[in-house]
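Inside the fold
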Amino acid sequence: MYYSSNYDLFNFTEGWMFGCNFDYPTQPIEHSLVDLSNQMENGLRKNAQHYVINSKTNGLQDTVTYRKYYSKKIMDEIDKVLAKHYGFTEEELDFIINYDIKYRMGDELNEE
């Protein structure tokens, strides 16, 4: 998840893949975020679109597109936990949730 959300999924080095250090949770917020991140990852995998592309230089390659708009509810839950942790007001949380809605929903937003 770390690699796919931060890099291009094409140019791969071991340092990028294993550069994400993580300690096991010790605080209640960490437990919440671990649970929510697992839900997020499962949702992204469930709604991923798999297809094969034929590259002139690399031949057939399996490719995955993560359709993040299906995971908007869980993203909002993550925002709520973080907003509580940082002491944001309801207005600030609402701004955060709606600020990047066009990026989270993509074309799905236009279909509604």
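Basis of the calculations
Residues numbered from 1 in each chain as written. Predicted model: local features only at pLDDT ≥ 70, side-chain atom pairs only at ≥ 80, totals over all residues. Heavy atoms only, no water. Salt bridge = Lys/Arg side-chain N within 4 Å of Asp/Glu carboxyl O. Helix = DSSP H or I, 4+ residues; strand = E, 2+ residues; numbered from the N terminus. Buried < 20%, exposed > 50% of the residue type's maximum accessible area, 1.4 Å probe, protein only. Axes fitted to C-alpha atoms, helices over the stretch in contact; angles between N-to-C directions. Parallel < 35°, antiparallel > 145°, perpendicular 65-115°, else oblique. Left-handed = near helix turned anticlockwise from the far one by under 90°. Contact = heavy atoms within 4.5 Å. Nonpolar A, V, L, I, M, F, W, Y, C, P; charged D, E, K, R; others polar. Core = buried A, V, L, I, M, F, W, Y, C linked by side-chain atoms within 4.5 Å. Patch = residues over 30% accessible without salt bridge, like charges linked within 9 Å, V, L, I, M, F, W, Y side chains within 5 Å. Areas by Shrake-Rupley, 256 points an atom, 1.4 Å probe, with all protein chains shown as cover. Lys, Arg positive; Asp, Glu negative; His and termini not counted. Charge placed at Lys NZ, Arg CZ, Asp CG, Glu CD.

This brings us to the pattern of salt bridges. One pass over the structure, following the stated rule, counts three salt bridges. The salt bridge partner of Arg45 is Glu41, with a shortest N-O separation of 2.7 Å. Here Glu41 and Arg45 lie together in helix α3 (residues 28-46), a separation of four residues that amounts to about one turn. The exposed category is assigned to Arg45, whose relative accessible area is 55%. Note that Glu77 and Lys80 form a salt bridge whose closest N and O atoms lie 3.3 Å from each other.

With that settled, consider the environment of Lys84. Looking at the secondary structure, you find Lys84 in helix α4 (residues 72-86). Look at Lys84 and you get exposed, because its relative accessible area is 74%. Residues Lys84 and Ile29, 55 residues apart in the sequence, show an inter-C-alpha distance of 9.3 Å.

Take the packing of α4 against helix α5 (residues 90-99) next. Viewed as axis vectors pointing N to C, α4 and α5 meet at an angle of 150°, and their least axial separation amounts to 10 Å. In terms of orientation, α4 lies roughly antiparallel with respect to α5. In this structure, the crossing between α4 and α5 has a hand that is right-handed. When α4 is examined against α5, the residues Lys72, Asp76, Asp79, Lys80 and Ala83 are found in contact with a partner set consisting of Leu93, Ile96 and Ile97. Across the contact of α4 with α5, the residue classes break down as four nonpolar, no polar and four charged.

The subject of this paragraph is the nonpolar core. Counting residues in each nonpolar core, the largest one holds seven residues, listed as Leu36, Met40, Leu44, Ile74, Met75, Ile78 and Val81. Looking at this core, the elements with two or more residues in it are α3 and α4. Once residues lying within four places of it in the same chain are set aside, the contact partners of Ile78 are Leu33, Leu36 and Met40.

It is worth spelling out a negative patch on the surface at this point. A contiguous patch of negative charge, built from Glu90, Glu91, Glu92 and Asp94, is present on the exposed surface. Structurally, the position occupied by Glu91 is in helix α5. On the basis of relative accessible area, Glu91 is assigned to the exposed category, the value being 66%.

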